Amino acid sequence: MSSETLGRSTGVASPGGAAGPGSRKRPGIQRVFGKNPLGAVLSAPYLIFIAVVFAYPLIFAVYMSLHDYFFSAPGAVVDRPFVGIDNYVAALTDPQVLQSFRNVGVFLIINVPLTVVLSLVLATALNRVVRFRTFLRVSFYVPYVTASVAVVAVWLFMFSGGGLVNTVLGPLAPDPSWLINPTLAMPTIALYVTWKQLGFFILLYLAALQNVPEELYESASTDGAGAIRSFFSVTVPGVRPATVLVLILSTITGANLFTEPYLLTGGGGPNGASTSPVFVMYQEGLQQGKPGFAAAIGVVLVIVVLTIALLQNRFAGGKED
């Protein structure tokens, strides 16, 4: 039997010959749906969700930012002239917008490292705890699922002028107090957000720690490594993908800061020291009726966050060698 005849009977392409009948249909399907068509079908609902909830609003925000856009009654036909990058120039030269980006930069510098370090250390400790493990895990997670309004009331009581923290500090208490101090308002908000969201990131690290082989800790112990050395030599490299995820998620969450300064400082006070870009977007787009200007701020914020996320993924070692 010739190799060409064998190729036709088995559906396998012979050397230098044409492909078999079964292989003729695959390239077209694979070109559209990839190597696993069933996977593409199963993921289609989520892709549609992403397109509707994220992609379309982003594209529409870019459109708004390039026009003199304003809201109108449903069905009304109004002229929204193209203005190019005027909204971007106005946003990037507005002192309030620039201050809001500086404020959120201070927030991220405090919040992101604290979130990564504390969540990893606490997750490692909780992973080794035998007694009261469930109770401790739930205790850390409760603030994350508790309504912000209820938790904010506690923090306002603690960090007010005559609150618990100032009472404990006595003469060392700052004047003006924490949340009305232009220097300390944003760091205080960063501490609050770190504490409130810590439980979620602890769970991420706990899941990642289950994938670190116990044999690595045993080998490190055999080589004479103590607990601290094992932590830096085994645990930290073992949860590297989770660390990248925590970095990116905490950065995105911090960049979208709105509820915390709105509730804790009455809307960005004192004197705009805790204003965030999202809060400025709310003020300009809804209260002042300048949605095109607000959309330009949002697009700039997306670009900044994407750039930071790419740098984090690149330098934190998100990709395995």
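Residues numbered from 1 in each chain as written. Predicted model: local features only at pLDDT ≥ 70, side-chain atom pairs only at ≥ 80, totals over all residues. Heavy atoms only, no water.

Asks: How should the environment of Lys-290 be read in this particular structure?
Replies: Structurally, the position occupied by Lys-290 is in the loop between helix 14 (277-287) and helix 15 (291-315). The exposure class of Lys-290 is partly exposed, given its relative accessible area of 40%. Look past the residues within four positions of Lys-290 in its chain and what remains in contact with it is Glu-284 and Gly-285. (Helix = DSSP H or I, 4+ residues; strand = E, 2+ residues; numbered from the N terminus. Buried < 20%, exposed > 50% of the residue type's maximum accessible area, 1.4 Å probe, protein only. Contact = heavy atoms within 4.5 Å.)

Asks: I tried to follow the nonpolar core on my own but got confused; where do I start?
Replies: Considering soluble globular proteins, one finds that nonpolar side chains tend to be buried as a cluster. Phe-107, Ile-189, Tyr-192, Tyr-205, Val-239 and Leu-264 are the most contacted members of the largest nonpolar core, which has 37 residues in total. At the level of elements, helix 5 (95-128), helix 7 (148-159), helix 9 (185-209), helix 10 (214-222), helix 11 (227-238) and helix 12 (240-255) are the ones that each hand at least two residues to this core. When near neighbours in sequence (up to four residues on either side) are disregarded, Val-239 contacts Leu-120, Tyr-205, Ala-208, Leu-209 and Val-212. If you look at the next biggest cluster of nonpolar residues, it comprises 15 residues, including Tyr-88, Ala-91, Ala-296 and Val-305. (Core = buried A, V, L, I, M, F, W, Y, C linked by side-chain atoms within 4.5 Å.)

Asks: When you look at the packing of helix 7 against helix 9 in this model, what are you seeing that I'm missing?
Replies: Each pair of packed helices can be described by the angle between their axes along with the distance between the axes. Close contact between helix 7 and helix 9 brings their axes to 12 Å; oriented N to C, the two are set at 135°. Overall, the two elements helix 7 and helix 9 adopt an arrangement that is oblique. Handedness of the helix 7/helix 9 crossing: right-handed. Residues Ser-148, Val-151, Val-152, Trp-155 and Phe-159 of helix 7 lie in contact with helix 9, whose contacting residues are Thr-188, Leu-191, Tyr-192, Trp-195 and Lys-196. When its residues are assigned to classes, the contact of helix 7 with helix 9 shows 7 nonpolar, 2 polar and 1 charged. (Axes fitted to C-alpha atoms, helices over the stretch in contact; angles between N-to-C directions. Parallel < 35°, antiparallel > 145°, perpendicular 65-115°, else oblique. Left-handed = near helix turned anticlockwise from the far one by under 90°. Nonpolar A, V, L, I, M, F, W, Y, C, P; charged D, E, K, R; others polar.)

Asks: Could you clarify how one ought to interpret the environment of Thr-124 in this entry?
Replies: Tracing the sequence through the fold places Thr-124 in helix 5. For the pair formed by Thr-124 and Thr-235, sequence separation is 111 residues and the distance between their alpha carbons is 8.1 Å. With residues near it in sequence (within four places) discarded, Thr-124 still touches Leu-209, Phe-231 and Thr-235.

Asks: What should I look at first to understand the side chain of Asn-103 in this one?
Replies: Mapping Asn-103 onto the fold places it in helix 5. From its side chain, Asn-103 meets the backbone oxygen of Thr-275 in a polar contact 3.0 Å long. Leaving out residues up to four positions away in the same chain, Asn-103 has contacts with Met-186, Gly-272, Ala-273, Ser-274 and Thr-275. (Polar contact = N/O pair within 3.5 Å; in protein donor to acceptor, adjacent residues only side chain to side chain.)

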